[in-house]
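Chain residues, written in single-letter form:
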Amino acid sequence: MQAISDRRAFIFGLAGVLVSARRLAQGSPSTEVRELRIDAQRLQQMLEELSTFGRPVGGSFVDGVSRVAYSDADLAGRNYVLELLRAADLEPRIDAAGNIRATRAGSVPALKPIVFGSHIDSVPSGGNFDGDLGSLAAIEVERTLHDHGIRTRHPLEVTIWSNEEGGPVGSEIAVEGPRTGDLERVFNGTAMREGLVRIGGDPARLETARLSPGSMHCYLELHIEQGGTLEKAGVPIGIVDGIVSIDEYAVEIRGAANHAGTTPMPERHNALLAAAKLIEAVQEEVTRSPGRQVGTVGQLTVTPNAPNVVPGFVRHTIEFRDLSESTLAHLGAAIRERAAQIARETGTEITIKLVVHDPPALAAPEIQRRIEAAAASLELRAVHLPSGAGHDAQFLARIAPMGMIFVPSVGGVSHSPKEFTHWSDCANGANVLLQTILRVDAA
Ligand SMILES: [Zn+2]
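An account of the accompanying structure is given in this report. Sequence positions are assigned chain by chain, starting from 1 and proceeding in written order. Totals for whole chains, interfaces and linings use all residues, but because this is a predicted model, local features are given only for residues with pLDDT of at least 70 and pairs of side-chain atoms are given and counted only at 80 or more. Side-chain metrics rest on all non-hydrogen atoms present in the structure, leaving aside hydrogens and water.

Right, let's talk about helix H4 (residues 72–87) for a bit. Compared with the 22 Å implied by 1.5 Å per residue over 16 residues, the 23 Å span of H4 between its first and last C-alpha is a close match. Burial classes: relative accessible area under 20% of the type maximum marks a residue as buried, over 50% as exposed, and values in between as partly exposed (1.4 Å probe, protein chains only). Counting from the N terminus, the helices are the DSSP runs of H or I reaching at least four residues and the strands are the DSSP runs of E reaching at least two. Within H4 the residues assigned to the buried category are Ala 73, Asp 74, Gly 77, Arg 78, Tyr 80, Val 81, Leu 82, Leu 84 and Leu 85. Packing partners of the buried residues in H4 comprise helix H3 (40–50), strand S1 (93–94), strand S2 (100–104), helix H5 (132–147) and strand S4 (156–161). Looking one or two residues beyond H4, the residue adopting positive phi is Asp 89, at roughly 75°. To estimate the expected span of a helix, subtract one from its residue number and multiply by 1.5 Å. Throughout, a contact is declared for two residues whenever any of their heavy atoms are within 4.5 Å.

Have a look at this one:
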């Protein structure tokens with residue numbers, strides 16, 4: 001029985017190869033392929049099953065998940081994903097950086113793989129959609145193609161990146177190698193070196209996990225928006241223009257600490273007053289012109305931080321994010337000017353140092369056009385938007401044409417048990433991923 005059904009599967013598979021290879025080669029998917037849809041119920045079921053690994057004791061789906069990388073829950077979730085991949089007739093492997101990868105051969109041997117996936121680790125007390133949706137939708141795409149006996153021209157490679165929330169770590173090692181001191185870093189109580197071994201990686205052979213530029217045809221990732229833009233606009237699909245650039249500044253304000261009762265107001269050099277004015281200046285400069293740029297002062301230390309002392313010293317951060325590096329440079333220049341003026345007004349000395357500059361990771365225009373076409377073919381409205389959060393895709397963009405698909409986050413909430421994306425939006429996103437892959441493959 002086994003042999004016969006195997007042979008039949010082989011013959012059907014071969015017929016599928018010939019049909020799809022011929023039709024896909026003409027530049028646009030066949031009607032049969034264009035009408036292909038993922039199984040929305042199966043996707044939901046996988047998301048619900050994955051949520052049980054790391055669920056609070058006695059909780060349910062709505063209580064979210066703590067599946068922090070290298071934990072028992074992470075290990076159990078990864079085993080679940082490995083089983084799903086095997087059930088889809090794939091042979092998953094774990095690379096030295098702990099990334100789970102599974103490749104389905106294409107019909108044209110010379111072509112490079114279309115890679116897609118996301119991550120399944122979470123922040124402590126996180127939600128059930130960040131990373132999980134993109135990972136399980138990738139597997140659902142594989143299952144759908146397998147069920148319909150459709151062979152693409154390019155190899156298809158599902159990748160579940162390790163420890164996204166801690167870096168990202170797995171995707172960074174694969175693209176750039178480990179950062180100095182990375183392996184000695186303690187993450188969630190586990191040294192990274194031991195954590196990698198725990199999940200099946202090999203810290204001594206990290207270079208074997210490296211992906212070189214041009215080694216893949218493109219990289220695609222479906223993800224929840226983690227912001228409220230799509231929900232507010234009532235649009236089901238977001239096409240990511242790119243992942244924003246980040247400039248982080250360290251600010252030091254030197255005044256003079258003095259007695260809060262005996263120092264007259266005109267004679268004070270109040271560092272915290274200067275900081276307050278500078279924080280307001282950040283708000284004003286960022287909102288001065290239209291655009292999606294954002295600016296945040298999120299960390300501040302006051303010295304001596306006592307109720308009866310005029311603050312003598314303040315250290316705080318300023319972070320600007322935008323797709324355009326020149327917008328960030330303008331904001332940096334504007335804030336330095338404002339700081340000089342505030343220092344004069346308050347009798348303080350202000351220094352501003354750029355400590356982090358992350359360049360933007362732009363999505364490839366040709367991939368964005370394929371996502372547009374895929375959404376249009378599904379009669380789903382789509383808008384372009386930047387990603388304000390970091391993703392594995394930001395590293396992949398350095399070595400391959402990258403594209404990201406966003407679906408709405410209810411209330412814009414993420415990194416919280418309250419994170420939710422309507423099941424219909426999850427299915428829409430997975431269908432856009434499927435149709436984008438088929439369009440990229442046919443091009
Ligand atoms: Zn994520």
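Read on, since the account is not over.
Time to look at empty space enclosed by the protein. With a 1 Å grid laid over protein atoms only, a set of points is called a cavity when a 1.4 Å probe fits there but cannot get out and a pocket when it is open yet has protein on both sides within 12 Å along at least five of seven lines; lining residues have an atom within 4 Å of a point. Grid points are joined across faces, edges and corners, and a volume is the space filled by probe spheres set on the points. Here the structure, examined in full by the defined rule, presents two cavities of 30 Å³ or more. Taken as a whole, the largest cavity encloses approximately 40 Å³ of empty space. Elements with a contribution of two residues or more to the lining of the largest cavity: H4 and S4. Under the grouping applied here, Gly and all other residues not named as nonpolar or charged are polar, the nonpolar ones being Ala, Val, Leu, Ile, Met, Phe, Trp, Tyr, Cys and Pro and the charged ones Asp, Glu, Lys and Arg. A class-by-class count of the residues in the lining of the largest cavity yields four nonpolar, three polar and three charged. If you go around the second largest cavity, the residues you meet are Ser 122, Val 123, Gly 126, Gly 127, Asp 130, Glu 165, His 415 and Glu 419.

Coordination of the zinc ion by the protein is provided by His 119 (NE2), Asp 130 (OD) and His 223 (NE2), with metal-donor distances spanning 2.0 to 2.2 Å. A donor here means any N, O or S atom no more than 2.8 Å from the metal (3.2 Å for Na, K and Ca); water is not included, so a site may seem to lack partners. In primary sequence terms, the donor set of the zinc ion follows H-x10-D-x92-H. Placement of the pair is His 119 in strand S3 (residues 114–119) and His 223 in strand S7 (residues 218–224), with a sequence separation of 104 residues. As far as the burial class goes, His 119 and His 223 line up, both buried.

Glancing now at the packing of aromatic side chains. Under the pairing criterion, centres of Phe, Tyr and Trp rings, with the six-membered ring standing for Trp, must be within 6.5 Å; the plane angle then separates stacked pairs below 30 degrees from edge-to-face pairs above 60, leaving the rest tilted. Under the defined criterion, the tally for this structure stands at nine aromatic pairs. Ring geometry for Phe 129 and Trp 423: centres 5.6 Å apart, planes at 50°, overall tilted. Here Phe 129, found in the loop between S3 and H5, pairs with Trp 423, found in helix H13 (residues 423–442); they are 294 residues apart in sequence, far enough to count as distant. On the accessibility criterion, Trp 423 (24% relative accessible area) is partly exposed. Ring pairs connect the aromatic residues Phe 61, Phe 129, Phe 420 and Trp 423, which therefore count as one cluster.

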